[in-house]
Amino acid sequence: MIHLLEALPAHLRGELFIAQACRSQRQRGRFAPTPSGPLHLGNLHTALLSWLFCRLQGGEWLLRIDNLDTPRVQAGAEAQIIADLAWLGLAWDPPIWRQSERRGLYASILSALRRSGALYPCRCSRRMLAHLSAPHGAWPLYPGTCLDKQHSWGEEQAKLPSWRLHLPATELEWHELGNYPNKLNGAEQVGDVVLRRADGYVAYHLATAVDELWMGINTVVRGSDLWVSTGPQVALMQMLGQTAPQYWHLPLLLDNQGNKLAKRDRALGVASWQAQGGSAAQLIGKWAAQNGWIAPGSSISAQELLEELKNKPKNFSLKALKQQLL
C-alpha cells in the first residue's frame with residue numbers, strides 16, 4: 001500500500017497531526033448531511049444516535065455539510081438542516097464544517113495520489129459500464145478497462161477523464177460496531193473507484209476519507225446503505241498512514257411499505273411530522289421506546305434522554321444495545 005504522508009505539504013501534515021492528537025484524547029463524532037433537500041426521519045434518527053454516542057462519552061459532536069456536489073445542492077437546504085437539528089435538540093460543537101470550503105485540501109491529496117502513481121485517467125462513461133453486475137451485494141466492480149491504456153490527463157474530444165484509484169488485492173479492515181462485516185478485499189470487492197469525476201467534482205470517497213482524518217473523527221455513525229463505501233475510504237486512510245475510525249452502520253428506517261426512506265421520494269420529515277401534530281419530544285420518545293430505553297408512549301427531549309441513559313449502569317453503552325435498534 002502506498003504511503004502519501006511525506007508527499008504532502010508540511011502545513012497539511014501539521015494539521016493532520018493536530019487532528020489525530022484530538023482524536024486520541026476524546027470521543028469525536030460527526031453528522032454529515034448533504035444539502036440536497038430536507039432531512040427525512042431516517043437521517044434524524046441517525047443524527048440522534050450519533051449525538052448520544054458522543055455525548056454519553058463526554059465527547060464532541062461535529063456538524064459537516066457535504067456540499068461538494070453543487071448540482072445536487074438545493075437553495076435553503078443547509079438552513080433547514082440546521083433548523084431541524086435545533087428542533088430535535090441536537091447541539092453540535094462549533095464551527096460548522098463545509099466541504100465547499102476545503103477544496104484546496106482535497107486538491108492537495110489528489111495531487112499527491114497522482115504523483116505517486118496511485119491514480120489513472122479513465123474515459124469510460126456510465127453508459128459503457130451500465131452492464132456491470134455487483135458481486136456479493138456490493139457495487140459493480142470496475143473491470144479495469146482504462147488501467148493500462150495511455151490516456152491523456154487533459155481533454156480529448158472536449159472531455160476530461162475521471163481519476164480512478166487503483167486498488168491492489170489487499171485486505172481493507174476496520175473496527176465495525178454494527179452487525180456488518182469489517183473487511184473487504186480491495187481488488188475483488190471494492191475495485192478502482194473514481195476520486196475525481198470527469199466533470200471536475202471531487203468524489204464522495206475522497207472528500208469523506210480526508211475529512212474524517214483532518215477533523216479527528218474516531219467514530220462514524222451512519223446508515224447501513226453506506227457500509228460498502230467504507231472499503232475505499234479505509235484504503236485512502238491507510239495510504240495516508242492513518243488508522244480508520246471505528247464505524248457503526250445502522251439498519252435503515254423503513255416506511256410502512258418496507259422501503260427505505262429517501263429524499264428523492266419526499267420521505268417523511270420534520271415538516272410532515274409537525275403537520276400531524278407531533279413534537280420533537282414525542283418523536284424522540286417513540287425512538288427511545290422502540291430501543292427499549294423508556295416506556296412506550298413517553299415524550300422526552302434529547303437532553304433528558306441523554307441524562308436518562310447516563311443513569312444506566314456504568315457498563316451501559318449504545319454498542320451493547322445495538323441489537324435493539326431499528
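Bear in mind that the values here come from a model prediction, so they are computed numbers and not experimental data.

## What to know about the packing of aromatic side chains
Thought 1: Going through the model one piece at a time under the given rule, you end up with four aromatic pairs.
Thought 2: Note on F31 and W61: the rings are 6.2 Å apart at their centroids and 15° apart in plane angle, and the pair reads as stacked. Placement of F31 in strand β1 (residues 28-31) and of W61 in strand β2 (residues 60-65) is noted, with a sequence separation of 30 residues between them. One exposure class covers both F31 and W61, and it is buried.

## Examining the sheet that holds strand β3 (residues 97-98)
Thought 1: Taken in spatial order, the three strands make up an open sheet running β1-β2-β3, and their pairing is parallel. Each end of this open sheet is capped by a strand with a single partner; those strands are β1 and β3.
Thought 2: Against the sheet, helix α2 (residues 41-56) contacts β1 and β2, and its axis sits at roughly 145° relative to β2.
Thought 3: Each of β1, β2 and β3 is contacted by helix α7 (residues 204-214), which is oriented at about 150° to β2, the strand it contacts most.

## A few points about the confidence of the model for the protein
Thought 1: Across the protein, pLDDT averages 89, with 88% of residues at or above 70.
Thought 2: The low-confidence segment residues 321-326 (pLDDT under 50) makes 20 contacts with residues lying over four places distant or belonging to another chain.

Criteria and cut-off values
The residue numbering used here restarts from 1 in each chain and proceeds along that chain's sequence as written. Totals for whole chains, interfaces and linings use every residue, but because this is a predicted model, local features are given only for residues with pLDDT of at least 70 and side-chain atom pairs only at 80 or more, for both listing and counting. Side-chain measures here rest on the full set of heavy atoms in the structure, leaving out hydrogens and waters. A pair of aromatic rings is counted whenever rings of Phe, Tyr or Trp (Trp by its six-membered ring) have centres within 6.5 Å, and the orientation is called stacked for planes under 30 degrees apart, edge-to-face for over 60 and tilted otherwise. We count a stretch as a helix when DSSP gives it H or I for four or more residues in a row; a strand needs E for two or more, and each element gets its number in order from the N terminus. In this scheme, a residue with accessible area under 20% of its type's maximum is buried, one over 50% is exposed, and one in between is partly exposed, where area comes from a 1.4 Å probe on protein chains only. Two strands pair if DSSP finds at least two bridges between them. Whether two residues are in contact is decided by their heavy atoms, any of which lying within 4.5 Å being enough. Angles shown run from 0 to 180 degrees and are taken between the N-to-C directions of axes, each axis being a line fitted to C-alpha atoms and, for helices, limited to the stretch in contact. Confidence scores here are pLDDT values: one per residue, from the predictor, ranging 0 to 100.

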